[in-house]
Amino acid sequence: MEFGDHYTFEDSLRAGARAAREPKPVGPVLRASDAGLGLGLGLGPPGPGAADCGSLGGAERLAFAPAPGVHRLAPRARPPGPLNPLYGTVRRFLSAVQLNPFPAELVKTLLNEPSSVKVDEVVRYEAGYVVCAVIAGLYLLVVPIAGLCFCCCRCHRRCGGRVKTEHKAVACERGTLMAFLLLTTLLLLIGVVCAFVTNQHTHEQMGHSVEAVPEILLSLQGLVSNVPQELQAVAEQFSLPQKRVLEELDGVGMSIGSTIHTQLKSTMYEVLASVSSLGQALQVSMDDLQALNTTLVELRKGQQDLEPAVYERRERLLTLLQEPSCQGCTEARSRAQALELGADFSQVSPVDDVLHRLKGVPEANFSSMVQEENSTFNALPLLAALQTANVVKELKKVVAQKPEGLRTLAEEFPGWEAASRWSRTLEEVEQSSRPYLKEVQRYEKYRWIWGCVLCSAVLLVVVCNLLGLNLGVWGLSARKDPSRSEAKGEAGSRFLMMGVGFSFLFAAPLILLVFATFLVGGNVQTLVCQSWESKELYKFADTPGNLPPSMNLSQLLGLKKNISILLAYQQCREGAALWSVLQLNDSYDLEKHLNISQYTAKLQQELQNLKVDMKNLDLLSPAAHRDLEALQSSGLEKIHYSSFFVQIQKPVVNTNMEKLAQELEELARTQGSSVLGQQLQKEAQGLQNLYQEQVLPQQSLVAKLNLTVRALASSAPNLQMETSSVLDKVAYLKGELPTWATNILRNESECFLIREMGYFSQYVAWVREEVTQHIATCQPLSGALDNGRVILCDMMADPWNAFWFCLAWCTFFLIPSIIFAVKTSKYFHPVWKRLSSTSSEETQLFHIPRVTSLKL
């Protein structure tokens, strides 16, 4: 495909991605590859190349502002807390109460024909609640009647009474009753504390839940009503990539010119780099040659100093190691015998003649020459900017336009008939719900007050029981003094009877409140929440005929096709678009509006008008010619480098002195003679010093000489051949530079197009995501359903059910509290003792001794 051929916006994006994955060229970059934008640009430099857009780089990330009217529902969730185990217990209790599955047929009849609902079906479904109602009725009947009977009995002094006598069995019975009463009271205290907490929590959550209802309705209302305005706001943000492209067009001439300079340098590397390479090689060769000569002189001098020192050290070592008392010295002795110089640098050939022939070289300053060539290349950006000014002006006119599809993005959004009906209905629901929500808050306040009152009543019973027990125990402990114990015991008994009286008095309102809240909250949990959580409600709504026509979602929205509520809910949770969920794909195609291929084709058409001319370049100065000729005749390649390598490969000293020193130290520690050990230790230290002071510096010089010789040996054979070919390559380069520069300019214009298309692709991707996931998404629908379930079940029903559960706990534990309090109270009265006189005539409370007369 040629540069001027038409290609789509998607082709441009795919081609840009392929170009980014292309491997970077090792050699010169000479022509645009077909992988760049699908555009072939044939060039004639030696060897093929590939399009490289690294100089321009990819498009920067644009920051788009979200549509201002988008209503996003924050997902609600009940945070974990200490009441969660209680909520779980209540749910399990309600599951045990209601064992029947979701009554689909009963609910269907209730919704479609309420008058046809049969009572026996309701009773059969609510069997568990009926049993609980019977229990509550029995409680409501039996406990007040028992309290009335107990009151009458007390008035006739038939109930309660006193303990007739004190004995061991009475004490045991009294202790057992007191323990059971204390345990019951503690259970009552736990229940009433939980009831207070759940009552307050229910009140708070009810307020938050009521406030959340308008928020959900407003979010659902904005699901369709604000879509056109939000789409218009999204379409207007096309100005953001437009502005960025216009800003980059201001400097595109200079940018492309700089890229031409860089790419042309890289493309001509095989030819132009030969001149720079020769100049650098000449300078490096001269430096290496001088360094070789200097290093060789230093090595010879160091060799002269090292040789006698090594010889002397070897002789001393051999003397010590050959002594008969030296144990295990055989291996060390063989190492010491090899302690002598290895390399002999006096045998290598001198390089003085070559240095003499290259005297005064380099005459030309190759660095300055390269800088002059760079100055010539640096004129290319200015030249490109001047020649592309008119083209850039036309490009700005094209960019300033707006694609047709974006102009109609909001106008053609399907405004189906049900949209206004949906919005109007939700607005009416939101307005009409406010009075009911206020009523809910008002009745919730009454429930909260009654809950506080009845919890306080139960707490009063607990206080009476605790006071009665404390005073009774105090009175029992002081029973040795009847005058003091009688008042305390009587007070304890009266407090217990007060608790019994309060229990009988508040039993009826307690059981009524418990059953009323239980009936409402239990059915909400078992009938609504469980089926909602298990998706049975959605399946029920999807079954044809279950819902009346007035509640059919497809009919309400005026849709031609029936939609599944469960499927729509699942699609909404996954972020599906509104028109896709409502099966309106035929009436609105988002991709059609986001297709801006015609817009980009105009940009491409203008870009192919870019042109640039190249001036002749002088690549080699006369002084550089003379330097290269001197290098060619110097004989640098004739130096006998092999003689250097022979000596470099030899070690400075044939023996590893460090290892020998370590062996000497080990031998010194193992010798039986301390004198010999000390001498060996001293020789080891001397050997280490000799290695550090003379051998290591010599090895460093050898390494330096090795690098220098290798550099000269590898570069010298090729220098003369490269020098002879430079003039031919420079002549060829002067003829081809203008053509190459023009082709690189066209290649870079393609890269610029890819970069600018990156901004538009960001916008298209952002619009697609914003429209499908935020503006025209049905996520608010699934979010509203999820939040509604959380509000109704987690925030309202769970605390509500936990409240009546705790209150029922207290209500039923009042019965053992009454029994144990009545039985315990009689043990706190003063004890009647039956005292027998000699004649057994009477029974008295206290024994008063009689006064008898003395016979005189």
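A brief look at the structure comes next. (Residues numbered from 1 in each chain as written. Predicted model: local features only at pLDDT ≥ 70, side-chain atom pairs only at ≥ 80, totals over all residues. Heavy atoms only, no water.)

**Description of the overall build of the protein**
Inclusion rule: To qualify as a helix, a DSSP run of H or I must reach at least 4 residues; to qualify as a strand, a run of E must reach at least 2; elements of each kind are numbered from the N terminus. With a 1.4 Å probe rolled over the protein chains alone, any residue whose accessible area is under 20% of its type maximum counts as buried; one over 50% counts as exposed, and the rest are partly exposed. In this description, contact between two residues means that some pair of their heavy atoms is separated by no more than 4.5 Å.
Counting its secondary structure elements, the protein contains 28 helices and zero strands. Residues classed as buried in the protein amount to 45% of the 856 residues present. Look at the contacts in the protein between residues 6 or more apart in sequence, and 87% of them connect residues 24 or more apart.

**A word on the packing of aromatic side chains**
Quick note on the threshold: Side-chain rings of Phe, Tyr and Trp (the six-membered ring for Trp) are treated as a pair once their centres are within 6.5 Å; stacked means planes under 30 degrees apart, edge-to-face means over 60, and tilted covers the remaining angles.
Under the defined criterion, the tally for this structure stands at 21 aromatic pairs. Ring centres of Phe-238 and Phe-760 lie 5.5 Å apart, and the angle between their planes is 25 degrees; on these two criteria the pair is classed as stacked. One end of the pair, Phe-238, is in the loop between helix H7 (227-236) and helix H8 (239-250); the other, Phe-760, is in helix H27 (residues 674-775), and 522 residues separate them in sequence. In terms of burial, Phe-238 and Phe-760 fall into one category: buried. Aromatic pair Phe-502 and Phe-506: ring centres 6.4 Å apart, planes at 35 degrees, arrangement tilted. Here the residue Phe-502 and the residue Phe-506 both occupy positions in helix H17 (residues 482-533), the gap between them amounting to four residues, near one helical turn.

**Digging into the pattern of salt bridges**
Here is the rule: Within this document, salt bridges are pairs made up of a side-chain nitrogen of Lys or Arg and a carboxyl oxygen of Asp or Glu, the two lying within 4 Å of each other.
Counting across every chain of the model gives 16 salt bridges. For Glu-363, the salt bridge is made with Arg-626, and the minimal N-O distance between the two is 2.8 Å. Of this pair, Glu-363 sits in the loop between helix H12 (352-357) and helix H13 (366-387) while Arg-626 sits in helix H24 (residues 622-632); the two residues are 263 residues apart in sequence, bridging distant segments of the chain. The exposure class assigned to Glu-363 is partly exposed, which follows from its relative accessible area of 47%. Here the residues in one salt-bridge network are Arg-78, Arg-91, Arg-789, Asp-794 and Asp-798, joined through shared partners.

**Focus on H24**
For an α-helix, the turn length of 3.6 residues means that residues three or four places apart are oriented alike. For the record, the criterion: Note: the arc covers the axis-to-C-beta directions of the helix.
Looking at H24, one finds that the buried residues are Ala-623, Ala-624, Asp-627, Leu-628, Ala-630 and Leu-631. Across the axial projection of H24, the buried residues extend over an arc of 160 degrees, all falling on one side.

**Things to note about the state of the cysteines**
Operational definition: Criterion for a disulfide: a pair of cysteine sulfur atoms within 2.5 Å.
Counted according to the given criterion, the structure contains one disulfide. Across the disulfide from Cys-529 sits Cys-793; the S-S distance is 2.1 Å. Disulfide Cys-529-Cys-793: the torsion about the S-S bond is -100 degrees, which places it as left-handed. Here Cys-529, found in helix H17, pairs with Cys-793, found in helix H28 (residues 779-825); they are 264 residues apart in sequence, far enough to count as distant.

**Quick notes on helix H25 (residues 641-648)**
Within H25, six of the eight residues are buried, which leaves the element mostly enclosed by the surrounding structure. Where H25 is concerned, the buried positions are Tyr-641, Ser-643, Phe-644, Phe-645, Gln-647 and Ile-648.

**Topic: the packing of helix H14 (residues 389-399) against helix H23 (residues 597-607)**
Inclusion rule: Helix axes use the C-alpha atoms of the stretch in contact, all axes being lines fitted to C-alpha atoms, and the angles between their N-to-C directions lie in the range 0 to 180 degrees. Comment on the angle field: the value is read as roughly parallel under 35 degrees, roughly antiparallel over 145, roughly perpendicular from 65 to 115, and oblique elsewhere. Under the scheme applied here, ten amino acids are nonpolar (Ala, Val, Leu, Ile, Met, Phe, Trp, Tyr, Cys and Pro), four are charged (Asp, Glu, Lys and Arg), and all others, including Gly, are polar.
In contact at an axis separation of 9 Å, H14 and H23 are set at 175 degrees when each is read in the N-to-C sense. Compared by their axis directions, H14 and H23 come out roughly antiparallel. Contact with H14, carried on its side by Val-391, Glu-394, Leu-395, Val-398 and Val-399, involves Tyr-599, Lys-602, Leu-603, Glu-606 and Leu-607 of H23 and no other residues of that element. Class assignment of the residues belonging to the contact of H14 with H23 gives a composition of seven nonpolar, no polar and three charged.

**What to know about the nonpolar core**
The condition that has to hold: Throughout this description, the term nonpolar core refers to a set of buried Ala, Val, Leu, Ile, Met, Phe, Trp, Tyr and Cys residues connected via side-chain atoms within 4.5 Å.
If you look at the biggest cluster of nonpolar residues, it comprises 117 residues, and the most contacted ones within it are Leu-264, Leu-321, Leu-603, Leu-636 and Phe-644. Looking at this core element by element, the count peaks at 33 residues for H27. The next biggest cluster of nonpolar side chains, apart from the first, holds 53 residues, and it includes Phe-805, Cys-806, Leu-807 and Ala-808.

**Considering unusual backbone geometry**
Omega for the peptide link from Val-361 to Pro-362 comes to 5 degrees, which places this bond in the cis form. In the Ramachandran plot, Lys-535 falls in the positive-phi region, its phi being about 70 degrees despite a non-glycine side chain.

**Some thoughts on the side chain of Asn-801**
Definition in use: In the analysis that follows, any N or O atom pair within 3.5 Å is treated as a polar contact, provided that within protein one partner can donate a hydrogen and the other can accept it, and provided that, for residues neighboring in sequence, both atoms belong to side chains.
Following the sequence through the fold, Asn-801 ends up in helix H28. Separated by 2.8 Å, the side chains of Asn-801 and Trp-804 make a polar contact. Aside from chain neighbours lying at most four places away, what touches Asn-801 is Val-90, Leu-94, Gly-521, Gly-522 and Gln-525.

**A closer look at the packing of helix H20 (residues 565-573) against H28**
It is the contact of H20 with H28, at a shortest axis distance of 7 Å, that shows an interaxial angle of 105 degrees. In this view, H20 runs roughly perpendicular relative to H28, as classed from their interaxial angle. Counting all contacts with H20, which are made through Tyr-569, Cys-572 and Arg-573, the residues of H28 involved are Gln-779, Leu-781, Ser-782, Leu-785 and Asp-786. Broken down by class, the residue content of the contact of H20 with H28 amounts to four nonpolar, two polar and two charged.

**Overview of the environment of Ile-744**
Assignment of secondary structure puts Ile-744 in helix H27. Taking the relative accessible area as the measure of exposure, Ile-744 reaches 4% and is therefore buried.

**As for a nonpolar patch on the surface**
As a reminder of what qualifies: Only residues whose relative accessible area exceeds 30% and that form no salt bridge enter a patch; like-charged residues are grouped when within 9 Å of one another, and nonpolar side chains (Val, Leu, Ile, Met, Phe, Trp, Tyr) when within 5 Å. Accessible surface area values rest on a Shrake-Rupley calculation with a 1.4 Å probe, where residue burial reflects the displayed protein chains alone.
Taken together, the side chains of Val-119, Val-123, Val-130, Val-134, Leu-138, Leu-141, Val-142 and Ile-145 present a nonpolar region at the surface, about 690 Å² in accessible area. Mapped by element, the contributors of at least two residues to the nonpolar patch are helix H4 (119-125) and helix H5 (127-155). If you trace the backbone, Ile-145 turns up in helix H5.

**Focus: the environment of Phe-93**
With respect to the element layout, Phe-93 can be found in helix H2 (residues 84-97). Here the alpha-carbon distance between Phe-93 and Phe-805, two residues 712 residues apart in the chain, equals 9.4 Å. Those residues in contact with Phe-93, other than ones at most four positions away along the chain, are Phe-518, Trp-804 and Phe-805.

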